[in-house]
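# Structure at a glance
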Amino acid sequence: MEREITEFLDFLTYDRDRAPNTTTRYGELLERFSVFARATLGLIAITPAEIDRHLVEQFVRNGGRQEGVVAAPSTRNVRLAALRGLFGYLVAEGRLITDPTAGLRPAKVKSRSPGYVTEPEFGRLLAAVETVTTEHYTARDIAVMTILFHCGLRVSEALSLTLAQVNFESLCFHGVTRKGRIVEDVAMNQTAAEAIRRWLVYRKTYRHAEGTSALFLSDRSLPLSVRALERNFARYVAAAGFQDRHLTPHSLRHSCATALVGHGVPLSTVSAVLAHQKIETTKIYVRLEGREKREAVALLDPQPSRPRRKSGTSNPVNGFNLTGISDGAQLESNLSRNGPSTQDSVSQFP
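What follows is about the side chain of Arg79. Structurally, Arg79 is set in helix H4 (residues 73-92). Of the buried charged residues, Arg79 lacks a salt bridge, with Glu28 as the closest side chain of opposite charge at 11 Å. Once residues lying within four places of it in the same chain are set aside, the contact partners of Arg79 are Leu29, Arg32, Phe59, Val60, Arg61, Asn62, Gly63, Arg65 and Ala71.

Structure (structure tokens):
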């Protein structure tokens, strides 16, 4: 079945133009399914025609692992989607008569609004970075977090940025490949630009940094991975006192949308910033708190004696203290005088 899987993945890549992450994930799941099916049936090799509904249900339920352990609904749905895609493709190509996934329905997933932080809370998160790690990692992780919050990039988009894509003069990232393989320039603000400048000073102290084009590096001067960022971010969340909330690096993108809406930015513009192909997606991401809803409808109450807000006033965007890191020029001076930061002294952060 390996040949059919390879051809299906090629079909997704070249005919359907699916995102690389989707193709990679499907490939991993289908390979695991093939191993599981061969082991279950006691065969060295297996063909798609030998797969039945029972095998599919078993794999979707527990991933071919310990019996009795049922995966979360979202995990089961991803497994089913990969298998349904493969067998649907083979049926459409006339290479399989019966689809073993036919009639299987996705599990119901409880809708949960992604966690988000307010602007003051984001400031607390940045301050927490400094209390958990050293200067060597502070500038890097604050720059990543600031880009996510201020520019609305997805985590994968931010971590795939290169040095050549950063343009401080025009305040944008050039040619960012976004979801759906859309390539566009992404705007940055002065806060994000300053955070990147500070990180670039420290980036020079990473071993072999000049040999890679990636903007954000690990200690081995490889592109910083999503898993490493998630691990570090969990520490910052706990240090900021938010450990009881469902917060991930992706929450900062949702926080960006929420903050923009709070500042009166039209939903269509927020959708463009987030690179949503449908504005309905933006409506799902952005939710108003009950207090904000009550205040909104309260504006319609007939209260002629209530003082009106002075014309021209607005709520200023909160500035963020990026944990007191010195400016670029001062950092250059300090680093040249004191030598690069030691990397071997802190090994718990990738």
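With that settled, the discussion passes to the sheet that holds strand S3 (residues 182-187). Judged by pairing direction, the sheet is antiparallel, and its three strands sit side by side in the order S1-S2-S3 without closing on themselves. Two strands bound the open sheet, and with one partner strand each, they are strand S1 (166-167) and S3. As paired strands, strand S2 (residues 172-178) and S3 are joined by five bridges and run antiparallel to one another. Bridging from a neighbouring strand, Thr177 pairs with Val183 of S3.

Grouped together as the largest cluster of nonpolar side chains are 49 residues, with contacts concentrated most on Leu125, Met145, Ile147, Leu153, Phe173, Phe216 and Leu252. Every element with two or more residues in this core is listed here: helix H5 (119-132), helix H6 (135-151), helix H7 (155-159), S2, helix H8 (190-203), helix H9 (226-239) and helix H10 (249-262). Ranked by residue count, the leading element in this core is H6, at 10 residues. Judged by nonpolar contacts, the second largest core, of 27 residues, contains Leu29, Phe36, Phe59 and Leu96.

A separate point is the packing of aromatic side chains. Here the structure, examined in full by the defined rule, presents nine aromatic pairs. The interplanar angle of 10° and the centroid separation of 4.2 Å between the aromatic rings of Phe122 and Phe149 together place this pair among those described as stacked. Separated by 27 residues along the polypeptide, Phe122 in helix H5 and Phe149 in helix H6 bring together distant segments of the chain. What makes Phe149 buried here is its relative accessible area of 5%. Seen in terms of ring centroids, Trp199 and Phe216 are 6.3 Å apart; in terms of plane orientation they differ by 25°. Their pairing is stacked. Highlighted residues: Trp199 in helix H8 and Phe216 in the loop between H8 and H9, separated in sequence by 17 residues. Across the pair, exposure class does not vary: Trp199 and Phe216 are buried alike. By way of ring pairs, the aromatic residues Phe33, Phe36, Phe59 and Phe87 are connected into one cluster. It is Arg79 that lies over the ring of Phe59; its NZ or CZ is 6.0 Å from the centre. The side chain of Arg197 reaches across the aromatic face of Phe168, ending 4.4 Å from its centre.

The rules behind each value
- Residues numbered from 1 in each chain as written.
- Predicted model: local features only at pLDDT ≥ 70, side-chain atom pairs only at ≥ 80, totals over all residues.
- Heavy atoms only, no water.
- Helix = DSSP H or I, 4+ residues; strand = E, 2+ residues; numbered from the N terminus.
- Buried < 20%, exposed > 50% of the residue type's maximum accessible area, 1.4 Å probe, protein only.
- Lys, Arg positive; Asp, Glu negative; His and termini not counted.
- Salt bridge = Lys/Arg side-chain N within 4 Å of Asp/Glu carboxyl O.
- Contact = heavy atoms within 4.5 Å.
- Pairing = 2+ DSSP bridges.
- Core = buried A, V, L, I, M, F, W, Y, C linked by side-chain atoms within 4.5 Å.
- Phe/Tyr/Trp six-rings, centres within 6.5 Å; stacked < 30°, edge-to-face > 60°.
- Lys NZ or Arg CZ within 6 Å of the ring centre and 35° of its normal.

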